[in-house]
Amino acid sequence: MSNDRTKASEEQIIYANILNKGMWFGLALLVITFIIYMSGMLPSHVPIEELSKTPPGSEVPYWGMRAHEFNIAFNIPTGWGWTALAGKGDYLNFVGIAILAGLTILCYLAILPILIKKKDTPYVIIAILEVAVLALAASGILKVGGH
Amino acid sequence: MLLKTLKTSKVVISLIVFLILIAGTVTVFASAEAVAPPIANSNVAWWVWPLVLFVVTFVLGILAVLGGVGGGVLFVPIVGGFFPFNIDFVRGAGLLVALAGALAAGPGLLKRNLASLRLSLPVALIASSAAIGGAMIGLALKPNVVNILLGATILFIVLIMATAKKSDFPIVPKPDNLSQSLGIMGIYREESLGKDVEWTVHKTPIGLALFVIIGIMAGMFGLGAGWANVPVLNLLMGAPLKISVATSKFLLSITDTSAAWVYLNQGAVLPMIVVPSIVGIMLGSMVGVKILAKAKPKAIKWMVIGLLLFAGLRALLKGLEIWK
């Protein structure tokens, strides 16, 4: 028989519950938006049949290009610029992806008040720092050079 | 007994045959792609690739469960090596595949108190920060350099998988000061022994330092990092094997999130690659869990090691432009 000592902490349970609900929501949205994309119900920013084609002057198809070359070829904005294209079949899929990628931030924000209430100072600091790190990654401020 | 062995052999043989067929199909398409002039790429209908990708990731999902590895570590070298997609998009998809798997497993592991939030949070802060750096380095490097490094990493993983021992209940003589001050400890019900197991960790500063390297590699190559997380948590820091495996799986949901955002923001994510891969791996994992009860884990483990060895060599030789 398990006892109270083996049970997960309050913050662990809350984290798990949010993760569970958010994961299923994000995954379902991803599948639905992909069906919309494949069915052509919404026009795509990058026509679906173009992806496997090789543009003139290139040795590789579009999906064989480096990400920054692909972005230039189709005039795709970086960072959160994709939200302007969310009405298109292909970029609509990014909504589900962003939800899945954003879940962890939400979970941390949810457990923060519990950690504060417990006066668990080291973990309050760690949680705040983690939210800052993930927010920085999500912000789109970070640019990749070297091209 | 004989019947059981025959059934097990049938499952393993079917898997091998299926895998060979898939590998053959992919290789035929890949070589057609490589030798044909660019315009002939349109000869292969666009929908063939996502369909083949779905089937391959479905098989990878089965193998990942049976071989005890994450989907990402199989996905990136195999899809990167045999599909016409750029390694940028493959790594972006690899991270999201590993992330989806971790998100799916995380809630159950947390609720059963096998994944420890107290152990995860400090480690995740280090690993996720490093993963951002890794993702930025990876996207800035030339594809052939990425392939060489990826190939070398996969071969190293093969070495770890083939040689590393695991310890169910490592002995921790004395928790270190850092783990004590952070209160990294726990207790869980070990059903196989029918008793509660208390655990703590040691060598925390060295462990955290290693997670800098693990985070960079996870972000750079788009691999889930379970292959590295588990040995560090289990063999170095002394967490019980079950806690290490569960915490590692949950950790990926945080580490891969930070790197995934970098790939997403740099436009290195193609839904046409991501969605069939996530769905394929997840469905494959569900089937894998069912087969797990019948299959011989050791035989599968060596099959996965063989597959990784092949994929690692392919990435290395592709990067060195010996096998284009």
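Quick caveat: nothing in here was measured; it's all calculated off a predicted structure. (Residues numbered from 1 in each chain as written. Chains lettered and ligands numbered in written order. Predicted model: local features only at pLDDT ≥ 70, side-chain atom pairs only at ≥ 80, totals over all residues.)

A. Expanded view of the overall build of chain B. Across its full length, chain B carries twelve helices and two strands. Along chain B, from the amino end to the carboxyl end, the secondary structure elements read α-α-α-α-α-α-α-β-β-α-α-α-α-α. The buried share of chain B, taken over its 324 residues, is 57%. Nonlocal contacts in chain B, meaning residues at least 24 apart in sequence, comprise 83% of its contacts between residues at least 6 apart. (Helix = DSSP H or I, 4+ residues; strand = E, 2+ residues; numbered from the N terminus. Buried ≥ 20, exposed ≤ 12 C-beta atoms within 10 Å, placed from the backbone. Contact = placed C-beta atoms within 7 Å.)

B. Geometry of the overall build of chain A. Tallying secondary structure elements over chain A gives four helices and zero strands in all. Along chain A, helices (α) and strands (β) appear in the sequence α-α-α-α when read from the amino end. A compact globule built from 147 residues would reach a C-alpha radius of gyration of about 15 Å, whereas chain A, at 21 Å, exceeds it by more than 25%. Overall, chain A is about 65 × 35 × 30 Å in size when its C-alpha atoms are taken along their principal axes. (Rg over C-alpha atoms; globule rule 2.2 N^0.38 Å.)

C. Structural detail: the packing of helix α2 (residues 48-67) of chain B against helix α11 (residues 271-292) of chain B. One can describe the packing of α2 of chain B onto α11 of chain B by two numbers: an axis separation of 6 Å at closest approach and a directional angle of 35°. Considering how the two elements wind past one another, α2 of chain B and α11 of chain B form a crossing that is right-handed. (Axes fitted to C-alpha atoms, helices over the stretch in contact; angles between N-to-C directions. Left-handed = near helix turned anticlockwise from the far one by under 90°.)

D. Region of the structure containing the interface of chain B and chain A. Listed per partner, the contact involves 59 residues of chain B and 60 residues of chain A. Elements represented by at least two residues in the side of chain B that touches chain A include exactly α4 (87-111), α5 (117-140), β1 (185-190), α10 (241-265) and α11 of chain B. Of the residues in the side of chain B that touches chain A, the class split is 42 nonpolar, 13 polar and four charged. (Nonpolar A, V, L, I, M, F, W, Y, C, P; charged D, E, K, R; others polar.)

E. The packing of helix α3 (residues 89-117) of chain A against α10 of chain B, seen in detail. For the pair α3 of chain A and α10 of chain B, the least separation of the axes is 8 Å and the interaxial angle reads 135°. Between α3 of chain A and α10 of chain B, the angle is such that the two are oblique. Crossing of α3 of chain A over α10 of chain B shows left-handed handedness. Seen from α3 of chain A, the contacting residues are Ile97, Ala101 and Thr104 of chain A; seen from α10 of chain B, they are Ser253, Ile254, Thr257, Ala260, Trp261 and Leu264 of chain B. Looking at the contact of α3 of chain A with α10 of chain B residue by residue, the class counts come to six nonpolar, three polar and no charged. (Parallel < 35°, antiparallel > 145°, perpendicular 65-115°, else oblique.)

F. Representation of the nonpolar core. Core analysis: the biggest nonpolar cluster contains 149 residues, and Ile97 of chain A together with Leu74, Leu96 and Leu99 of chain B have the highest contact counts within it. Residue contributions to this core peak at 16 residues, all from α4 of chain B. Setting aside residues up to four positions removed in sequence, isoleucine 97 of chain A forms contacts with Leu30 of chain A together with Leu96, Leu264, Val269 and Val274 of chain B. (Core = buried A, V, L, I, M, F, W, Y, C linked by C-beta atoms within 7 Å.)

G. Highlighting the confidence of the model for chain B. Here chain B averages 85 in pLDDT, while 86% of its residues score no lower than 70. For the stretch residues 1-41 of chain B, pLDDT sits under 50, and the model shows 41 contacts to residues farther than four places along the chain or on other chains. (pLDDT = per-residue confidence, 0-100.)

H. Main features of the pairing of strand β2 (residues 195-200) of chain B. Residues and elements named next belong to chain B. In this sheet, β2 lies alongside β1 in antiparallel orientation, the contact comprising six bridges. Its bridge partner lying in β2, methionine 185 is registered against threonine 200. Hairpin geometry of β1 and β2 is characterised by an intervening segment of four residues between the two adjacent antiparallel strands and by a positive phi of about 70° at glycine 194. (Pairing = 2+ DSSP bridges.)

I. Geometry of α4 of chain B. All names here are of chain B. Spanning 25 residues, α4 covers 36 Å between terminal C-alpha atoms, matching the ideal 36 Å at 1.5 Å per step. At alanine 105, α4 is bent by approximately 35°, the largest bend along its length, and proline proline 107 sits one to four residues beyond. With respect to burial, α4 is a largely interior element, 23 of its 25 residues being buried. Just downstream of α4, asparagine 113 is the residue with a positive phi angle, here 65°. (Expected span 1.5 Å × (residues − 1). Bend = angle between axes of the 7 residues up to and from the residue.)

J. Molecular detail of the environment of leucine 307 of chain B. Residues and elements named next belong to chain B. With respect to the element layout, leucine 307 can be found in helix α12 (residues 297-319). Among the residues examined, leucine 307 registers 21 C-beta atoms within 10 Å and is labelled buried. The spacing of leucine 307 and isoleucine 78 is 229 residues in sequence and 8.6 Å in space, taken between C-alpha atoms.

K. Spatial organisation of the environment of serine 179 of chain B. Residues and elements named next belong to chain B. Tracing the sequence through the fold places serine 179 in helix α7 (residues 177-182). Take serine 179: there are 24 C-beta atoms within 10 Å of it, and that puts it in the buried class. As for serine 179 and glycine 70, which are separated by 109 residues in sequence, their C-alpha atoms are 27 Å apart. If we ignore the near neighbours within four places in the chain, the residues touching serine 179 are Ile184, Thr200, Val201, His202 and Thr204.

L. Focus on unusual backbone geometry. Residues and elements named next belong to chain B. If you check the backbone angles, asparagine 113 has positive phi at about 65° while not being a glycine. Along the chain, asparagine 113 falls in the loop between α4 and α5. The class of asparagine 113 is buried, set by 22 C-beta atoms lying within 10 Å. Phi at glutamate 321 is positive, roughly 60°, even though this residue is not glycine. Locating glutamate 321 in the fold gives a position in the segment after α12. The class for glutamate 321 is exposed, based on 10 C-beta atoms found within 10 Å.

M. Examining the confidence of the model for chain A more closely. On average, residues of chain A score 93 in pLDDT, and 96% of them reach the 70 mark or higher. Helix α2 (residues 67-73) of chain A is the least confidently modelled element of chain A, averaging 95 in pLDDT, while helix α4 (residues 121-139) of chain A averages 97, the highest of any element.

N. Structural detail: α2 of chain B. Residue and element names in this part refer to chain B. Over its 20 residues, α2 runs 28 Å from end to end, which matches the ideal 28 Å to within 8%, given 1.5 Å per residue. Among the 20 residues in α2, 15 count as buried, and that is most of the element. Glycine 68, located one to two residues past α2, shows a positive phi value of around 70°.

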